Amino acid sequence: GAGKTHYSELLGKKLNLPVFEADKIKKKISSQILSTCLAYKKFGPLTSENAIKGLLLVRNTYQNTVVNEILKNNDLITEGAFLDPNSLIKFGKPILLVTTDKDKHKKQFVAHREKLLDFQEDEFRAARIIQNYLIDEAKVLKIEIIDNPT
């Protein structure tokens, strides 16, 4: 929804590096794919606390697989909303791409759902909660934050 895949692909072409979309490992290793923006449901209704618990659940579930994929490649760009920047700093420079404008973010978010019928308003609300958490996390870790204006 913030343009992570598009930005990563552009950067990959510019730097001549492959792009690893972390969401693809969910399909490879899990019969029950955990959507980052819907994982809050494991903890109850959508609240800020449950949205963050859901994000952390997704991070913990896929963390080892992400690290193993990074270790298999010397140089690559890793893209994903659920990535743990604290554990990935040792591999390279994390960047957080966000869309702070709510209307632009929603337009991008809806455009990238596989089917409009799959879109749920709570999913976008969870995405906004998670984005705010990621911004706060990036500030603490002194990670560059780029606001996607498009």
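Preceding this section is the structure that the text describes.
Given the structure is predicted, the values throughout are model-derived calculations rather than measurements. (Residues numbered from 1 in each chain as written. Predicted model: local features only at pLDDT ≥ 70, side-chain atom pairs only at ≥ 80, totals over all residues. Heavy atoms only, no water.)

## Observations concerning the packing of aromatic side chains
Argument step 1. The full count for this structure, using the stated rule, is one aromatic pair.
Argument step 2. Each ring, one from tyrosine 62 and one from phenylalanine 82, has its centre 5.9 Å from the other, and the planes form 55°; the classification is tilted. Taken together, the residues span a long stretch of sequence, with tyrosine 62 in helix α3 (residues 48–72) and phenylalanine 82 in the loop between β2 (77–79) and α4 (85–88) at a distance of 20 residues. Each of the two residues, tyrosine 62 as well as phenylalanine 82, counts as buried. (Phe/Tyr/Trp six-rings, centres within 6.5 Å; stacked < 30°, edge-to-face > 60°. Helix = DSSP H or I, 4+ residues; strand = E, 2+ residues; numbered from the N terminus. Buried < 20%, exposed > 50% of the residue type's maximum accessible area, 1.4 Å probe, protein only.)

## Details of the environment of phenylalanine 20
Argument step 1. Relative to the helices and strands, phenylalanine 20 is located in strand β1 (residues 19–21).
Argument step 2. With a relative accessible area of 10%, phenylalanine 20 lands in the buried category.
Argument step 3. As a C-alpha pair, phenylalanine 20 and glycine 80 span 60 residues in sequence and 8.7 Å in three-dimensional space.
Argument step 4. Residue contacts for phenylalanine 20: discarding those within four places in its chain leaves Ile25, Val66, Glu69, Leu76, Ile77, Thr78 and Glu79. (Contact = heavy atoms within 4.5 Å.)

## Quick look at the side chain of arginine 128
Argument step 1. As for its placement among the helices and strands, arginine 128 is situated in helix α6 (residues 121–141).
Argument step 2. Buried charge arginine 128 goes without a salt bridge, the closest partner of opposite sign being aspartate 101 at 7.0 Å.
Argument step 3. Within polar-contact distance, the side chain of arginine 128 engages the backbone oxygen of threonine 99 at 2.9 Å.
Argument step 4. Once you skip the residues sitting within four places of it in the chain, arginine 128 turns out to touch Thr99, Thr100, Asp101, Lys102 and His105. (Lys, Arg positive; Asp, Glu negative; His and termini not counted. Salt bridge = Lys/Arg side-chain N within 4 Å of Asp/Glu carboxyl O. Polar contact = N/O pair within 3.5 Å; in protein donor to acceptor, adjacent residues only side chain to side chain.)

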